[in-house]
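Observations on the three-dimensional arrangement
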Amino acid sequence: MQEAILSLNARGRAKGHLLAFLTVFVWGITFVSTKVLLTVVTPIEILFLRFSLGFLALCVIHHRITPFMGARVEALFALAGATGVTLYFLMENIALTMTSASNVGVIVAIAPLFIALIATFVTREERVGVKFFAGFVMAISGIALISFTGAAAGDAGCLLAVLAALAWAVYSTIGKRIAKLGLSTVATTKRTFAWGLVFMLPFLPVMGFGQGAEGAGLAGLLDPVMLGNLLFLGLVASATC
């Protein structure tokens, strides 16, 4: 009996690792996919259309409305939507207009470092030692070297990528609390996406939603390549992952 349980646990861990790998693999592609879309549409247009598609897909999968669970719980979903959807992806998308996809991809990967700092000094859930801080200094030093491109726009893009990683760290911390509510992953993700879309609304008129890149409008999305990239971001990278 014990051997059977251990075997099931091992299979569960292997499946979890495989799913995590596939998710990271897909998310790695998103930087290039977004960079391609930025030739025809703006950062806010990609953001809003991507998560609208993701939200609609999740509504099809989980059509029931999650009941209101109190102001504090709803505040968690709102904060998760603001940090993990609106702020993170808006800063990431804007950063991609200023620097390369490889730079942004490498820099936002420091999010786990910020998560550890938050868990140590804010939520007090973990403790990190000297080795962690040594690694953190090395990682930040590497980011500094990446950002020294000699162009102000590139430096600003790298800084936005760092801020995006910080926003993701806050979102991940909140996500741990949301996971303890006992709701399904699809239900919580859908609620988070909904709040993210709400927080995007004030940015739409300010950032010229509907104008497209260089005032060309959204007609560029009719191109099969561009439409394919948008569907990939919305249905695969956002909803599925």
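The present account deals with the structure reproduced in this document. (Residues numbered from 1 in each chain as written. Predicted model: local features only at pLDDT ≥ 70, side-chain atom pairs only at ≥ 80, totals over all residues. Heavy atoms only, no water.)

1. Quick look at the overall build of the protein
Across its full length, the protein carries 10 helices and 0 strands. On C-alpha atoms alone, the protein measures out to a radius of gyration of 19 Å, which is about the 18 Å that the 2.2 N^0.38 rule sets for 241 residues. Along the three orthogonal principal directions, the C-alpha set of the protein runs to about 65 × 45 × 35 Å. In the protein, which comprises 241 residues, the share counted as buried stands at 44%. Sequence-distant contacts, at least 24 apart, represent 86% of the contacts inside the protein between residues at least 6 apart. Surface accessibility of the protein: about 13100 Å² in total, with carbon and sulfur atoms responsible for 72%. (Helix = DSSP H or I, 4+ residues; strand = E, 2+ residues; numbered from the N terminus. Rg over C-alpha atoms; globule rule 2.2 N^0.38 Å. Buried < 20%, exposed > 50% of the residue type's maximum accessible area, 1.4 Å probe, protein only. Contact = heavy atoms within 4.5 Å. Areas by Shrake-Rupley, 256 points an atom, 1.4 Å probe, with all protein chains shown as cover.)

2. Description of the nonpolar core
Counting residues in each nonpolar core, the largest one holds 54 residues, and the members touching the most others are Leu37, Phe51, Tyr88 and Phe114. It is helix α7 (residues 152-179) that provides the largest number of residues to this core, a total of 9 residues. When residues no more than four places from it in sequence are discounted, the contact partners of Tyr88 are Phe31, Thr83, Val108, Ala164, Ala165, Ala167 and Trp168. Membership of the second largest hydrophobic core comes to 6 residues, among which are Val73, Leu76, Phe77 and Ala80. (Core = buried A, V, L, I, M, F, W, Y, C linked by side-chain atoms within 4.5 Å.)

3. Side note on the pattern of salt bridges
Inspection of the entire model under this criterion finds 1 salt bridge. Among the ionic pairs, Arg191 bridges to Glu74, the shortest N-O distance being 2.9 Å. In this pair, Arg191 is assigned in helix α8 (residues 185-200) and Glu74 in helix α3 (residues 71-96), connecting sequence segments 117 residues apart. In terms of burial, Arg191 and Glu74 fall into one category: buried. (Salt bridge = Lys/Arg side-chain N within 4 Å of Asp/Glu carboxyl O.)

4. Observations regarding helix α5 (residues 111-121)
Among the 11 residues in α5, 8 count as buried, and that is most of the element. Where α5 is concerned, the buried positions are Ala111, Leu113, Phe114, Ala116, Leu117, Ile118, Ala119 and Thr120.

5. So, the state of the cysteines
Within this structure, the stated rule accounts for 0 disulfides. For the unlinked cysteine Cys59, the closest cysteine sulfur is that of Cys241, found at 18 Å. (Disulfide = S-S within 2.5 Å.)

6. What about the packing of helix α2 (residues 43-61) against helix α10 (residues 224-240)?
Relative to each other, α2 and α10 sit at 55 degrees, their axes nearing to 8 Å. Considered as vectors, α2 and α10 are oriented oblique to each other. At the point where α2 passes α10, the crossing takes the right-handed sense. Of the residues in α10, those touching α2 at Ile46, Leu49, Arg50, Phe51, Leu53, Gly54, Ala57 and Leu58 are Leu230, Leu231, Leu233, Gly234, Leu235, Ala237, Ser238 and Ala239. (Axes fitted to C-alpha atoms, helices over the stretch in contact; angles between N-to-C directions. Parallel < 35°, antiparallel > 145°, perpendicular 65-115°, else oblique. Left-handed = near helix turned anticlockwise from the far one by under 90°.)

7. Comments concerning the packing of α3 against α8
The interhelical angle for the contact between α3 and α8, taken along N-to-C directions, is 65 degrees, at an axis separation of 7 Å. If you check the angle between α3 and α8, you find them roughly perpendicular. Every pair of crossing elements has a handedness; the one defined by α3 and α8 is right-handed. Contacts from Glu74, Phe77, Ala78, Ala80, Gly81, Ala82, Val85 and Thr86 in α3 reach Thr188, Arg191, Thr192, Phe193, Trp195, Gly196, Phe199 and Met200 in α8. In terms of residue class, the contact of α3 with α8 is built from 9 nonpolar, 5 polar and 2 charged. (Nonpolar A, V, L, I, M, F, W, Y, C, P; charged D, E, K, R; others polar.)

8. Digging into the side chain of Thr86
Looking at the secondary structure, you find Thr86 in helix α3. Dropping the residues within four chain positions of it, Thr86 is found in contact with Leu47, Gly81, Gly196, Phe199, Met200 and Phe203.

9. Points about the side chain of Thr30
Looking at where Thr30 falls in the secondary structure, it is placed in helix α1 (residues 2-37). Owing to a relative accessible area of 4%, Thr30 belongs among the buried residues under this scheme.

10. Considering the environment of Asn103
The residue Asn103 is located in helix α4 (residues 101-108) in this model. Classification of Asn103 as buried rests on a relative accessible area of 16%. Note: C-alpha distance between Asn103 and Ala161 (58 residues apart in sequence) is 8.6 Å. A distance of 2.9 Å separates a polar atom in the side chain of Asn103 from a polar atom in the side chain of Thr99. (Polar contact = N/O pair within 3.5 Å; in protein donor to acceptor, adjacent residues only side chain to side chain.)

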